[in-house]
Amino acid sequence: MILANNAVLTHLLPIEQNRWLKPLTTFKIGGPARFFVEITDPIQLSEAFEFAESRNLPILILGGGSNMLLSDRGFDGLVIHVSNAGITNYELRITNEEN
């Protein structure tokens, strides 16, 4: 487990490495995620994006897993598993500073 903690982050994110994704999908397929985090509040979502951006990682957002087919080779980036408990409505705007 990696704890994401730098000047930008206000919470410690419990980021796991090589977490198998198949238990999280209804089809029970999917290899390991290079990095995985389960978030429960909007602040953690922002911090997860910061973690991925600082490491130039692709991001996969995973909800309930019912409409998702994942490769058995896994995902070489950060999988953000959104736990619906505690997040009712939240808007996150991502901007590119170059544009």
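Quick summary incoming for the structure in this document. (Residues numbered from 1 in each chain as written. Predicted model: local features only at pLDDT ≥ 70, side-chain atom pairs only at ≥ 80, totals over all residues. Heavy atoms only, no water.)

Right, let's get into the nonpolar core. Residues Leu13, Ile15, Phe35, Val37, Ile39, Leu45, Ala48, Phe51, Ala52, Leu57, Leu78 and Ile80 constitute the largest nonpolar core, which totals twelve residues. Listing elements by their share of this core, those giving two or more residues are strand 2 (13-20), strand 3 (32-39), helix 1 (42-54) and strand 5 (75-82). With four residues, the single largest contributor to this core is helix 1. Not counting residues within four places of it along the chain, the set of residues in contact with Leu78 comprises Ile15, Phe35, Phe36, Val37, Ala48, Phe51, Ala52, Leu57, Pro58, Ile59 and Leu60. (Core = buried A, V, L, I, M, F, W, Y, C linked by side-chain atoms within 4.5 Å. Buried < 20%, exposed > 50% of the residue type's maximum accessible area, 1.4 Å probe, protein only. Helix = DSSP H or I, 4+ residues; strand = E, 2+ residues; numbered from the N terminus. Contact = heavy atoms within 4.5 Å.)

Only one face of strand 4 (residues 59-62) is buried: it carries Leu60 and Leu62, and the other face, with Ile59 and Ile61, is open. When strand 4 meets strand 5, the two strands line up parallel, connected through four bridges. Note that in strand 5 the partner of Leu60 across the bridge is Val79. (Pairing = 2+ DSSP bridges.)

For the rest of this paragraph, the subject is the side chain of His81. Along the polypeptide, His81 turns up in strand 5. What makes His81 buried here is its relative accessible area of 12%. Apart from the residues within four sequence positions on either side, His81 is in contact with Leu24, Phe36, Val37, Glu38, Ile39, Leu62 and Gly63.

Turning our attention to the environment of Leu57. On the secondary structure map, Leu57 appears in the loop between helix 1 and strand 4. Residue Leu57 is classed as buried on the basis of its relative accessible area of 11%. Placed 19 residues apart in sequence, Leu57 and Asp76 show a C-alpha to C-alpha distance of 7.8 Å. What Leu57 contacts, discounting residues up to four positions off in sequence, is Arg34, Phe35, Phe51, Ala52, Gly77 and Leu78.

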